[in-house]
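Okay, here's what each chain looks like letter by letter:
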Amino acid sequence: MSKVAIIGAGAAGYFTAIQLMQMGFSGTLKMFEKSKPLAKVKVSGGGRCNVTHACFDPNELVGFYPRGNKELLGPFHHFQPGDMIGWLSENGVELKVEDDGRMFPITDSSQTIIDCFERQLNPHILVHAGVKKIVPAEQGWEIVLDNGEVSFFDRVVVTVGSSPQFAELLKQMGLHMIEAVPSLFTFHLTDEKVHQLSGLAIEAEVSIEGADWAIEGPVLLTHWGVSGPAVLKLSAWAARWLATKDYHATLLVNSMPRLSGEGLLELLQGIRINAARKQVRNVGPTSIPNRWWQYIVGNEDSLDKLWADVRNVELEEWVKRLHHLRLEIQGKSTFKEEFVTAGGVDLKYINFKTMESKTHPRLHFAGEVLNIDAVTGGFNFQAAWTTAFLTAKGIMENEQ
Ligand SMILES: Cc1cc2nc3c(=O)[nH]c(=O)nc-3n(C[C@H](O)[C@H](O)[C@H](O)COP(=O)(O)OP(=O)(O)OC[C@H]3O[C@@H](n4cnc5c(N)ncnc54)[C@H](O)[C@@H]3O)c2cc1C
C-alpha cells in the first residue's frame, strides 16, 4: 500500500485528498499545512467564494487563462465547471449563477464550501505542520518538517499555492520555475484630469502600445487611474510584459471600438448639423457618458463653442482621441478582491494527464503553485479543482 503526502491544505490540497478518498485510495494519506487550512477559500470572492464559472465549453474556457490556456484544454475535457457543479451538488452544495457567469454557493458564504470539504475529509489526514524540505529517496521522497521530523512517502503532491519560500525550494531541487510576477492589478495614470473623473464607468477597448492584447469591456476611472473588468483582464494578459517594463507603458483607449474612423467622423458631422445651436460640452456621441466626452474634447474653448462653429480639423482631432486616446501608465495597485500571481512550476515539464513532474517522477503539482492563472470570475479555483482531480486520478492509476 503506498504512502502519499500532500503539502498545503488549500483549495487544491483539500480537493486532491478528497478525490483520492472518493476514488478508493487505501494507502496512507497525509496532508501537511503550515498555517490555517482553506484560509484563501474563506476570504475568496469577498467571503462568498466564487467557486467556478458557468462556462462549459473547454475551448471557450481556456480563453480565460493567460497562462495555462494551451495546457488546460485536455484537462478540461476530464474535469470542468460542469463536473465541479455536479460534485458539489452530490455533496450537498447548490450553486447559483450571477449575470456575468460567476458561480457562488446559494448561501453566499464561503463557509459552505469549507464545511462541505471538511465533511468529506477524514480529519486524521490533516497534519498541522509546515514542510521544510523534500529530499529524493529510493522510489519516493522524504519529507522534512519544520520541527525536523522526517517521513518517507512514495508520492508527494505539492499544493502550496504561490508561496515564494516553497518556489525557492523547488528551484533548488532542480525544478524548472517561472519567476513570479503579480497578475490582476489596476493601472496608475499620470494624467490628473483622469483622476478627477473618479467613479465614472465607460465601455471601451483597452490595449497597451507595443503589446498584442486588446480587451473590450467596462473601464472604471478612479482617483489614481483606471480599474474595472477590462483593465484587470488586460493586466492579467500583459502581466509578464508589464513587469519587464517596470509598469511604465502607454495605455491606448478606444472609446468607440465598434465604429470605424470614417463612421465616427460621419457621426460627429451629424451632431454638428443636428445640434448646431447647442454647446459642444452639452452634446456628444450618445454611447459615451457626457463627462467622458468633455474629457475627450479637452479644452474649455472648444467645449464652449456651438457645434455650428466646430471646424473639420477639430472633428478629426476628436475622432483621434475617441479612437486612440493615449494615457501614460506609471505603476500599479493590487486589485483588492482577488490577488493572483503569474509564475510557478514551468508547465512544459508537467504531464497534464497525471500532473506528475517529467523531471522529478513521483512528484505531482496542483493549483496555483503551477504557472497557471486566470482573469477574475472563478477560473482560478476551477484550475485548482481540475488539476487536483487529475492528480488524484493519476495517483490512482499507479495504484493498480
Ligand atoms: C483575497 C482573494 C480572493 C480570491 N477570490 C477568488 C475567487 O473568488 N475565485 C477564484 O477562482 N479565485 C479566487 N482567488 C484565487 C484563489 O484563492 C487561488 O487561486 C486558490 O486559493 C489557489 O489554491 P491553492 O490550493 O493552489 O493555493 P492556496 O489556497 O494558497 O493554498 C496553499 C496552502 O499551502 C500552505 N503552505 C504553503 N507552504 C507550505 C509549507 N511549506 N508547508 C505546509 N503548507 C504550506 C498554505 O498555508 C496554504 O494553506 C482569490 C485569492 C485571494 C487572495
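Procedures and definitions
Residues numbered from 1 in each chain as written. Predicted model: local features only at pLDDT ≥ 70, side-chain atom pairs only at ≥ 80, totals over all residues. Heavy atoms only, no water. Helix = DSSP H or I, 4+ residues; strand = E, 2+ residues; numbered from the N terminus. Buried < 20%, exposed > 50% of the residue type's maximum accessible area, 1.4 Å probe, protein only. Contact = heavy atoms within 4.5 Å. Areas by Shrake-Rupley, 256 points an atom, 1.4 Å probe, with all protein chains shown as cover. Pairing = 2+ DSSP bridges. Domains from an automatic or database assignment. Buried area = accessible area lost by both parts, 1.4 Å probe. Salt bridge = Lys/Arg side-chain N within 4 Å of Asp/Glu carboxyl O. Polar contact = N/O pair within 3.5 Å; in protein donor to acceptor, adjacent residues only side chain to side chain. Nonpolar A, V, L, I, M, F, W, Y, C, P; charged D, E, K, R; others polar. Core = buried A, V, L, I, M, F, W, Y, C linked by side-chain atoms within 4.5 Å.

The number of helices and strands found in the protein is 15 helices and 21 strands. Principal-axis analysis of the C-alpha atoms places the extent of the protein at approximately 85 × 40 × 30 Å. Expressed as a percentage of its 400 residues, the buried residues of the protein come to 53%. Taking as baseline every contact in the protein between residues at least 6 positions apart, the subset at least 24 positions apart corresponds to 73%. Carbon and sulfur atoms make up 50% of the accessible area of the protein, which amounts to about 17,800 Å² in all.

Where burial is concerned, the two faces of strand 10 (residues 155-158) agree: the one with R155 and V157 and the one with V156 and V158 are both buried. Here 3 bridges tie strand 10 to strand 21 (residues 363-365), and the two strands are oriented parallel to one another. Its bridge partner being in strand 21, V158 is matched across the sheet by F365.

This part is about the domain arrangement of the protein. Once the domains are mapped, the protein shows domain 1 (3-181 + 338-399) and domain 2 (185-334). For domain 1 and domain 2, the distance between their C-alpha centroids amounts to 40 Å. On the side of domain 2, 7 residues touch domain 1, which itself brings 12 residues to the contact. The three residues of domain 1 that bury the most area against domain 2 are R67, V181 and V375, which together make up 48% of that side's buried surface. Put simply, domain 1 and domain 2 have 0 salt bridges between them. Our count for the contact surface shared by domain 1 and domain 2 stands at 3 residue pairs in polar contact (both at pLDDT 80 or more). Secondary structure elements with two or more residues in the side of domain 1 that touches domain 2: strand 11 (177-183) and strand 18 (340-345). Classifying every residue of the side of domain 1 that touches domain 2 gives 7 nonpolar, 3 polar and 2 charged.

With 132 residues, the main nonpolar core has F117, L251, W292 and W307 as its most contacted residues. Of the residues that make up this core, three or more belong to each of domain 1 (3-181 + 338-399) and domain 2 (185-334). Leaving out residues up to four positions away in the same chain, F117 has contacts with A11, Y14, F15, I18, L38, M84, W87 and W385.

Further remarks concern the pairing of strand 8 (residues 140-145). For strand 8, a buried count of 5 out of 6 residues is recorded, marking the element as mostly surrounded by other parts of the structure. For strand 7 (residues 131-137) and strand 8, the ladder comprises 6 bridges, and the chain directions are antiparallel. Bridge pairing links V135 to E142 in strand 8. Between the antiparallel neighbours strand 7 and strand 8 lie 2 residues, among them Q139 with a positive phi of about 55°. Note: strand 8 against strand 9 (residues 150-153), 4 bridges, orientation antiparallel. Looking at strand 9, one finds that I143 is bridged to S151. The turn joining strand 8 and strand 9, which pair antiparallel and follow one another in sequence, is formed by 4 residues; a positive phi near 90° is taken by G148.

Turning our attention to the sheet that holds strand 4 (residues 95-97). The strand order 3-5-4 describes an open sheet built from 3 strands, whose pairing is antiparallel. Both edges of this open sheet fall to strand 3 (52-53) and strand 4, since each of them pairs with a single strand only. Summarising the sheet, strand 3 and strand 5 (residues 102-105) pair through 2 bridges and their orientation is antiparallel. Within strand 5, the residue paired with T52 across the bridge is M103.

Among the structural elements, T222 can be located in the loop between strand 14 (214-221) and strand 15 (225-227). According to the relative accessible area criterion, T222 is buried, its value standing at 7%. In contact with T222, not counting residues within four places along its chain, are V194, H195, S198 and S227.

For helix 12 (residues 290-297), the set of buried residues is W292, W293, Y295, I296 and V297. One or two positions beyond helix 12, positive phi appears at G298, with a value near 90°.

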